[in-house]
Amino acid sequence: DVKVTQSSRYLVKRTGEKVFLECVQDMDHENMFWYRQDPGLGLRLIYFSYDVKMKEKGDIPEGYSVSREKKERFSLILESASTNQTSMYLCASSPPSGLTDTQYFGPGTRLTVL
Amino acid sequence: SQKIEQNSEALNIQEGKTATLTCNYTNYSPAYLQWYRQDPGRGPVFLLLIRENEKEKRKERLKVTFDTTLKQSLFHITASQPADSATYLCALGVGGGNKLTFGTGTQLKVEL
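1. Things to note about the overall build of chain A
Now for step 1: From N to C terminus, chain A includes 0 helices and 11 strands.
Now for step 2: For chain A, the N- to C-terminal ordering of α and β elements is β-β-β-β-β-β-β-β-β-β-β.
Now for step 3: Its C-alpha atoms give chain A a radius of gyration of 13 Å, near enough to 13 Å, the size a compact globule of 114 residues would have.
Now for step 4: C-alpha extents for chain A along the principal axes are approximately 40 × 30 × 25 Å.

Rendered as structure tokens:
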């Protein structure tokens, strides 16, 4: 079974803090994704990565950066957290396109920025 | 503009009935469409995938149809059970690389 884990289920940070959200997958997947989910807006793609050290912007990358130094780990970084980044953050992984196009999600991190 | 629309209002049905959820999209040409289930406080879980050249897919009590002319997918759960209560998300495969664009989801409540 594919397992995607996220470092925290709940996180509370203060405005201006640097925040790191970690995601680890154990299935040797090439592709990894970061989303945020807000009521009424659904899941929105922040960044994704096709391979180690590769990253591409999604639909809402502003205020975020990512790091993928190892294949199994994809980190989302909020350089200076703001209250409008309070949200549920979901990480996902998937094998290369063509094998299967499904994504496997972690349990999510609910981030509150005060 | 590009849009994916799912019923924003919750769907309440009685146990044993068939639940039908709708996903409509505009200004997309998806190679495939997927349905996910999401329980409160958890990540989405994949249910079914249907490709642009397929009309219908089934898996146990689940059935998905895909009409690229109408730009619509219907998701059916037959013989629904209270355990089917969850939010169901449709997602379009666009742009390659396993990238998905999600709808906002429809909450289904199956009552005894």
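Here the narrative resumes.
2. Some thoughts on the state of the cysteines
Now for step 1: By the definition in use, this model includes 2 disulfides over all chains.
Now for step 2: Paired by a disulfide, Cys23(A) and Cys91(A) hold their sulfur atoms 1.9 Å apart. Measuring the twist about the S-S bond at about -75°, one finds the Cys23(A)-Cys91(A) disulfide to be left-handed. Of this pair, Cys23(A) sits in strand 3 (residues 19–25) while Cys91(A) sits in strand 9 (residues 87–94), placing them 68 residues apart in sequence. The two residues Cys23(A) and Cys91(A) agree in class, both being buried.
Now for step 3: With a sulfur-sulfur separation of 2.0 Å, Cys23(B) is cross-linked through a disulfide to Cys90(B).

Thresholds applied
- Residues numbered from 1 in each chain as written.
- Chains lettered and ligands numbered in written order.
- Predicted model: local features only at pLDDT ≥ 70, side-chain atom pairs only at ≥ 80, totals over all residues.
- Heavy atoms only, no water.
- Helix = DSSP H or I, 4+ residues; strand = E, 2+ residues; numbered from the N terminus.
- Rg over C-alpha atoms; globule rule 2.2 N^0.38 Å.
- Disulfide = S-S within 2.5 Å.
- Buried < 20%, exposed > 50% of the residue type's maximum accessible area, 1.4 Å probe, protein only.

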